[in-house]
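# Structural features, examined
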Amino acid sequence: MTDSEILIVGAKGKTGSRVQARLTQAGIPTRGVSRSSTPSFDWTKPESWPAALEGVRAAYLTYHPDLSVPEAEGHIRKFCEMASDAGVEHVVLLSGRNEAGAQRAEQVLRKSGLEWNVVQASWFAQNFSEDFMVDSVLAGELVIPEGTAGEPFVDIDDIADVVVASILEPGLRNRLYEVTGPRVMSFADCMAEISKAAGYDVKLVELPLEGYIDALREQEVPDYLVALLPGLFADLFDGRSAYTAQGVREALGRPATPFSQYAQKALASGAWNRNAAGRVA
Ligand SMILES: NC(=O)c1ccc[n+]([C@@H]2O[C@H](COP(=O)([O-])OP(=O)(O)OC[C@H]3O[C@@H](n4cnc5c(N)ncnc54)[C@H](OP(=O)(O)O)[C@@H]3O)[C@@H](O)[C@H]2O)c1
């Protein structure tokens, strides 16, 4: 391990911030980038990438808005070429399960000649507390498309632990870690756990796809998510992802974190506190 920095793309995001905190805690220098950093890094502007890559030894990549979008494969290809030219040795890519576009992007990294890891994650539990579904939880009603199957929601603290182990332990390199929570849960199961932890009822409403899209617009969910989410639900929640995988245990030698434990952490963070400043009780 040299003193050169570890590049974290999306360092203010859900997993990037956790990876950066863990590396900093371990005394490893990091360079966290995104559109708002200096130097800035924008996935849509490849001319912004070389400055971010200068002098780094390894990189953790979170792609925005989602690795399944059509342009991701080309961006990851170009990034790997630039990273090789810049002398980067190792790239860890966060990916999703059972998404054709994401798997094409994974293949680009795996064939790039760089040392690699793919952390292929199920849906994040933290989508309910740190992303687009937290407002629904606070409002007491989550809308999903009808017919949505179960998912082994993963605690992203586990993802960050797997990413950091991949970066720090050379013996874990050149492997794909499929990381999930320890059990498949329906969205109704999740709402029951969250209601129990939060101390108020969060009900689940299942609507036909058009009604779901209307509900997203009413909730003022950002346009890119309104465009992305129906496809993700259709592709992922038809039952094909309703199984657990062992990536957390393979990388860390411990079991994945249960959803109930995630819910306690989310509660303690204040994410579901209806009385917090700016929120309506
Ligand atoms: N959510 C899930 O359930 C799930 C499941 C499996 C896999 N994934 C994968 O997880 C990845 C996202 O990781 P995450 O959730 O940790 O990230 P995130 O929380 O979505 O954070 C993304 C960060 O990216 C930055 N960003 C936005 N647009 C950007 C751009 N054009 N160029 C560079 N940076 C940009 C933003 O900072 P600035 O505003 O400063 O740019 C933001 O802080 C996606 O690739 C997705 O496929 C998600």
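About the thresholds
Residues numbered from 1 in each chain as written. Predicted model: local features only at pLDDT ≥ 70, side-chain atom pairs only at ≥ 80, totals over all residues. Near = placed C-beta within 6 Å. Helix = DSSP H or I, 4+ residues; strand = E, 2+ residues; numbered from the N terminus. Nonpolar A, V, L, I, M, F, W, Y, C, P; charged D, E, K, R; others polar. Pairing = 2+ DSSP bridges. Axes fitted to C-alpha atoms, helices over the stretch in contact; angles between N-to-C directions. Contact = placed C-beta atoms within 7 Å. Buried ≥ 20, exposed ≤ 12 C-beta atoms within 10 Å, placed from the backbone. Arc of directions from axis to C-beta.

Now for the site of the ligand. Lining the immediate environment of the ligand, one finds 24 residues, of which G13, T15, S34, R35 and S36 sit closest. Every element with two or more residues in the shell around the ligand is listed here: α1 (14-25) and β4 (90-96). Counting residues per element, the shell around the ligand draws most heavily on α1, at 3 residues. Each residue belonging to the shell around the ligand can be placed in one class, and the counts come to 8 nonpolar, 11 polar and 5 charged.

Take the sheet that holds strand β2 (residues 30-33) next. Strand order in this open sheet of 6 strands is β2-β1-β3-β4-β5-β7, and the pairing throughout is parallel. Strands with a single pairing partner mark the edges of an open sheet, and in this sheet they are β2 and β7 (175-179). Mean inter-strand twist for the sheet, computed between neighbouring axes without regard to direction, equals 15°. Sheet topology note: the strand β1 (residues 5-9)/strand β3 (residues 56-61) ladder contains 5 bridges and is parallel. Looking at β3, one finds that V9 is bridged to L61. Across the sheet, α1 touches β1, β2, β3 and β4, and the angle it forms with β2 is around 165°.

Residues of helix α12 (residues 259-269) that are buried: F259, Y262, A263 and A266. Seen from one end, α12 has its buried residues packed into an arc of 100°, which puts them on one side. Exposed side chains of α12 directed beyond 90 degrees from the buried face belong to S260 and A268. Close packing links the buried residues of α12 with α5 (127-130) and α8 (187-198). Phi for G270, located one or two positions after α12, is positive at around 90°.

It is worth spelling out unusual backbone geometry at this point. In the segment running from T38 into P39, the intervening peptide bond is cis, with an omega of -5°. Mapped onto the secondary structure, P39 falls in the loop between β2 and α2 (49-53). With omega at 5°, the peptide bond leading from H64 into P65 counts as cis. Mapping P65 onto the fold places it in the loop between β3 and α3 (71-85). With phi around 55°, N98 is a residue other than glycine that occupies positive phi space. Among the residues examined, N98 registers 15 C-beta atoms within 10 Å and is labelled partly exposed. Residue N174 is not a glycine yet carries a positive backbone phi of 60°.

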